[in-house]
Amino acid sequence: MNELFPVGKGVKKGNIVTLAVVCAIYLVAAYAASFVAGVFSILPFVGWIVRLAGGLFKVYCAFGIVTAVIDFFKK
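The paragraphs below set out a description of the structure included in this document.

1. A word on the overall build of the chain
Argument step 1. For the chain, the count of helices and strands is two helices and zero strands.
Argument step 2. For a compact globule of 75 residues, the expected C-alpha radius of gyration is about 11 Å, and the chain comes in at 15 Å, more than 25% above that figure.
Argument step 3. For the C-alpha atoms alone, the extent of the chain along its principal axes is close to 45 × 20 × 15 Å.
Argument step 4. Going through the 75 residues of the chain one by one, you find that 25% of them count as buried.
Argument step 5. Considering only contacts in the chain between residues 6 or more positions apart, those separated by 24 or more positions represent 66%.

2. Focus on the packing of helix α1 (residues 16-40) against helix α2 (residues 44-74)
Packed helices, taken two at a time, are described by the angle between their axes plus the distance between the axes.
Argument step 1. Where α1 contacts α2, the two axes come as close as 8 Å, and the packing angle between them is 175 degrees. Between α1 and α2, the angle falls in the class roughly antiparallel.
Argument step 2. Each residue belonging to the contact of α1 with α2 can be placed in one class, and the counts come to 21 nonpolar, three polar and two charged.

3. Notes on the packing of aromatic side chains
The description of two aromatic rings rests on the distance between their centres and on the angle between their planes.
Argument step 1. Per the counting criterion, the structure on display carries three aromatic pairs.
Argument step 2. When the ring of F72 is compared with that of F73, the centres are 5.0 Å apart and the planes differ by 75 degrees; the resulting orientation is edge-to-face.
Argument step 3. One aromatic cluster is present, built from ring pairs that chain together Y26, F57 and Y60.

Criteria and cut-off values
- Residues numbered from 1 in each chain as written.
- Predicted model: local features only at pLDDT ≥ 70, side-chain atom pairs only at ≥ 80, totals over all residues.
- Heavy atoms only, no water.
- Helix = DSSP H or I, 4+ residues; strand = E, 2+ residues; numbered from the N terminus.
- Rg over C-alpha atoms; globule rule 2.2 N^0.38 Å.
- Buried < 20%, exposed > 50% of the residue type's maximum accessible area, 1.4 Å probe, protein only.
- Contact = heavy atoms within 4.5 Å.
- Axes fitted to C-alpha atoms, helices over the stretch in contact; angles between N-to-C directions.
- Parallel < 35°, antiparallel > 145°, perpendicular 65-115°, else oblique.
- Nonpolar A, V, L, I, M, F, W, Y, C, P; charged D, E, K, R; others polar.
- Phe/Tyr/Trp six-rings, centres within 6.5 Å; stacked < 30°, edge-to-face > 60°.

Structural data, given as structure tokens:
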């Protein structure tokens, strides 16, 4: 799974700081995607596509956080 979520490779077992940094990176990326989708939502067709891509990116970020937490406890 680390090939799909490369940011989570930095998580080390027992080091909560690395987990917090990785989660923060994913959360900031998700909020940035939401902001971009909000800006482009005023355009009829492009806004719909950007909102769809933003939603998929938020799901990707959620899975990235979950895999980072799993790696935190697994390693």
